[in-house]
Number of protein chains: 2
Amino acid sequence: MSFQGEQYPGVKAPAAETDGFRLNHTMLRIKDPQAALDFYSRVFGMQVLRRLDFEEMQFSLYFLAKLEKGDEVPEDKAQRSVWTFSQKGLLELTHNWGTEDQADFAYHDGNAEPQGFGHICFSVPDLKAAEAWFDANEVEFIKRADQGKMPDVVFVKDVDGYWIEVVEAARMADKGD
Amino acid sequence: MSFQGEQYPGVKAPAAETDGFRLNHTMLRIKDPQAALDFYSRVFGMQVLRRLDFEEMQFSLYFLAKLEKGDEVPEDKAQRSVWTFSQKGLLELTHNWGTEDQADFAYHDGNAEPQGFGHICFSVPDLKAAEAWFDANEVEFIKRADQGKMPDVVFVKDVDGYWIEVVEAARMADKGD
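The structure displayed is predicted, hence computed values, not measured ones.

Engineer: How do you make sense of the pattern of salt bridges when you look at a structure like this?
Structural biologist: Side-chain pairing between opposite charges can occur once the charged atoms of the two side chains come close. All names here are of chain A. A complete count under the given rule lists 24 salt bridges over all chains for this structure. Across the pair Arg-42 and Asp-38 runs a salt bridge whose closest N-O atoms are separated by 2.8 Å. Of the two residues, Arg-42 and Asp-38 both sit in helix α1 (residues 33-42), four residues apart, roughly one turn of that helix. Among the salt bridges present, the one from Asp-174 reaches Lys-175, with a minimum N-O distance of 3.3 Å. Exposure remark for Asp-174: the relative accessible area of 56% places this residue in the exposed category. Ionic contacts of the salt-bridge type, sharing partners, join the residues Asp-152, Arg-171, Asp-174 and Lys-175 into one network.

Engineer: What's the story with the side chain of A:Lys175 in this structure? I'm lost.
Structural biologist: Structurally, A:Lys175 is set in the segment after β8 (163-167). Take A:Lys175: its relative accessible area is 14%, and that puts it in the buried class. Here the side chain of A:Lys175 touches A:Pro151 through a polar contact of 3.5 Å, landing on its backbone oxygen. The contacts of A:Lys175, once residues within four sequence positions are left out, are A:Pro151, A:Asp152, B:Arg50, B:Leu52 and B:Ser81.

Engineer: What exactly am I supposed to notice about the sheet that holds strand β3 (residues 59-65) of chain B here?
Structural biologist: Sheet strands pair by backbone hydrogen bonding; their relative direction is either parallel or antiparallel. Within the open sheet, the eight strands sit side by side as β6(A)-β7(A)-β8(A)-β5(A)-β1(B)-β4(B)-β3(B)-β2(B). Their pairing is mixed. The open sheet has two free edges, formed respectively by β6 (141-143) of chain A together with β2 (47-54) of chain B, since each of these has just one partner strand. Neighbour to neighbour, the strand axes of the sheet diverge by 25° on average, direction disregarded. Across the face of the sheet, helix α2 (residues 77-84) of chain B comes into contact with β1 (22-30), β2, β3 and β4 (90-96) of chain B while running at roughly 110° to β2(B).

Engineer: What is the right way to read helix α1 (residues 33-42) of chain B from this model?
Structural biologist: Residues and elements named next belong to chain B. Across the ten residues of α1, seven count as buried, placing the element largely inside the fold. Among all positions of α1, only Pro-33, Ala-36, Leu-37, Asp-38, Phe-39, Tyr-40 and Ser-41 are buried. Regarding α1, its N-cap is Asp-32, as a side-chain oxygen of that residue lies 2.9 Å from the backbone nitrogen of Gln-34 further along.

Engineer: Help me understand the packing of aromatic side chains in this model?
Structural biologist: Two numbers describe a pair of aromatic rings. These are the distance of the centres and the angle of the planes. Inspection of every chain in the model, using the stated rule, returns 27 aromatic pairs over all chains. Here A:Phe54 and A:Phe59 contribute two aromatic rings whose centre-to-centre distance is 4.7 Å and whose plane-to-plane angle is 20°, an arrangement assigned as stacked. Residue class for A:Phe59 comes out buried when judged on its relative accessible area of 11%. Measuring from ring centre to ring centre gives 4.3 Å for B:Phe44 and B:Phe122, while their planes differ by 20°; the resulting arrangement is stacked. With a gap of 78 residues between them, B:Phe44 in the loop between α1 and β2 and B:Phe122 in strand β5 (residues 117-123) connect regions that are remote in the sequence. Both residues of the pair, B:Phe44 and B:Phe122, belong to the buried class. One aromatic cluster is present, formed by A:Phe21, B:Phe39, B:Tyr40, B:Phe44, B:Phe122, B:Phe134 and B:Phe141 through successive ring pairs.

Engineer: Mind showing me how you'd approach the sheet that holds strand β7 (residues 153-157) of chain B here?
Structural biologist: Ordered in space as β2(A)-β3(A)-β4(A)-β1(A)-β5(B)-β8(B)-β7(B)-β6(B), the eight strands form an open sheet in which the pairing is mixed. What marks the edges here is a single partner per strand, and that holds for β2 (47-54) of chain A together with β6 (141-143) of chain B. Between one strand and the next, the sheet's axes are offset by a mean angle of 25°, whatever the strand orientation. As judged from the five bridges shared by β7(B) and strand β8 (residues 163-167) of chain B, these two strands associate in the antiparallel manner. In the sheet register, B:Val156 faces β8(B), and the bridge partner there is B:Ile164. Most of the contacts of helix α2 (residues 77-84) of chain A go to β2(A), to which it runs at about 110°, and overall it touches β1 (22-30), β2, β3 (59-65) and β4 (90-96) of chain A.

Engineer: How do you make sense of the interface of chain A and chain B when you look at a structure like this?
Structural biologist: How large an interface is tends to be reported as the accessible area lost when its parts come together. Counting from both sides, the interface comprises 96 residues of chain A and, opposite them, 96 residues of chain B. Contact between chain A and chain B buries roughly 8,500 Å² in total, counting both sides, with carbon and sulfur atoms accounting for 60%. Ranking the residues of chain A by area buried against chain B places A:Phe3, A:Phe21 and A:Leu23 at the top, with a combined share of 10%. Where chain A touches chain B, the interface holds ten salt bridges.

Engineer: Explain the UniProt feature "binding site: Zn(2+)" (unreviewed entry) in chain A to me, please; I cannot follow it from the model alone.
Structural biologist: Taking the numbering used here, the UniProt-annotated feature "binding site: Zn(2+)" (unreviewed entry) corresponds to A:Glu92, A:His119 and A:Glu165. One can find A:His119 in strand β5 (residues 117-123). On the accessibility criterion, A:His119 (5% relative accessible area) is buried. A distance of 2.9 Å separates a polar atom in the side chain of A:His119 from a polar atom in the side chain of A:Glu165. What A:Glu165 contacts, discounting residues up to four positions off in sequence, is A:His119, A:Ile120, A:Cys121, A:Phe122, A:Val153, A:Val154, A:Phe155, B:His25 and B:Glu92.

Procedures and definitions
- Sequence order as written defines the numbering, with residues in each chain counted from 1.
- Throughout, the order in which chains and ligands are written sets their labels, letters from A for the former and numbers from 1 for the latter.
- Per-residue local features of the predicted model are confined to residues with pLDDT of at least 70, and side-chain atom pairs are confined, for both listing and counting, to 80 or more; whole-chain, interface and lining totals are unaffected and use all residues.
- The basis for every side-chain value is the complete set of non-hydrogen atoms in the structure, without hydrogens or water.
- What counts as a salt bridge is simple: a side-chain nitrogen of Lys or Arg found within 4 Å of a carboxyl oxygen of Asp or Glu.
- In DSSP terms, a helix is any run of H or I states spanning at least four residues, a strand is any run of E spanning at least two, and both are numbered starting from the N terminus.
- Think of it in three bands: with a 1.4 Å probe and only protein chains considered, a residue is buried below 20% of the maximum accessible area for its type, exposed above 50%, and partly exposed in between.
- Pairing of N or O atoms within 3.5 Å defines a polar contact, subject to two protein rules: one partner must be a possible hydrogen donor and the other a possible acceptor, and residues neighboring in sequence count only if both atoms are side-chain atoms.
- Only heavy atoms enter the contact rule, under which two residues are in contact if any of them lie within 4.5 Å.
- Pairing between strands is defined by DSSP: at least two bridges between them are needed.
- For every element, the axis is a line fit to its C-alpha atoms; helices are fit only across the contacting stretch, and the angle between N-to-C directions ranges from 0 to 180 degrees.
- We call Phe, Tyr and Trp rings a pair once their centres come within 6.5 Å, taking the six-membered ring for Trp, and we label the pair stacked below 30 degrees between planes, edge-to-face above 60, and tilted otherwise.
- Put simply, buried area is how much 1.4 Å-probe accessible surface two parts lose in total, over both of them, once they are put together.
- UniProt positions are given in the numbering used here, feature names are shortened, and annotations may be inferred rather than shown by experiment.

Structural data, given as structure tokens:
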């Protein structure tokens with residue numbers, strides 16, 4: 001499918017075999033679950049839908065969602081797992097046990113070399129209010145909306161150093177040709 | 001908020017200041033847009049909602065969504081940008097111009113050292129059918145559902161080597177305690 005006749009190299013129309021595919025989550029490794037869960041729940045209002053522990057392999061997975069009005073999360077764990085893996089736009093945080101106790105341990109953010117993954121991005125209703133909220137929560141800015149070559153786009157760092165872009169949809173109307 | 005009284009270290013209840021925050025997208029750098037757009041449109045049924053070119057900085061951004069029944073994507077570009085940045089679960093692909101012509105150029109997948117980002121994950125309605133679809137499209141498997149220590153979980157690679165997890169929500173009911 002194309003919009004206004006736009007064509008992009010390589011793009012195919014969606015096949016029926018892909019019906020119902022949904023981009024469920026993005027996984028980031030975290031050093032310290034207490035610090036990361038504090039950050040994502042306090043600053044971005046996310047909640048832990050499910051935690052899965054793997055004793056044998058010594059790691060835990062935390063599946064986080066920013067719930068919205070109308071979301072009905074089942075209390076029952078099995079049903080909640082099914083609900084969780086039916087959603088879009090979740091964050092999975094992987095904690096390999098013990099990293100939180102290693103003073104010099106740090107994960108790679110993907111923006112320093114070698115590059116690959118760049119960032120996750122939150123859409124917010126009011127970018128200015130979000131900047132004030134980040135300041136009130138002592139969040140580290142990479143750039144504010146009025147800095148740099150990309151106006152209206154904010155970048156902050158999470159507690160592991162991963163980049164989080166923050167945009168306001170209404171302020172993106174004039175981006176691109 | 002907690003479910004069935006579950007408590008996790010560090011977790012706070014969502015503040016009103018985070019109302020309307022949505023996890024809009026994940027950004028991955030790609031070597032060759034033709035190859036990546038072919039892969040994500042053909043294999044996962046994604047479509048390009050918006051392409052933004054930055055002539056001065058020599059890069060392009062492609063915002064991809066797996067559209068669903070009922071999604072009404074505006075034709076008008078400005079409105080489409082606003083729509084795009086209001087969604088959940090999009091994929092942003094960043095192309096730094098010219099990398100596609102460098103034979104030995106490759107991005108870092110985050111799973112080899114140094115580790116950080118792990119994968120994106122698609123939820124699919126039928127994992128067995130998805131495996132057959134990946135085979136029909138000659139997708140490279142990291143693991144199939146019946147391999148390894150994590151049953152019911154499939155991992156494949158995209159054309160840049162990034163890992164994509166694929167799960168069926170109904171088969172995740174028994175995961176965790």
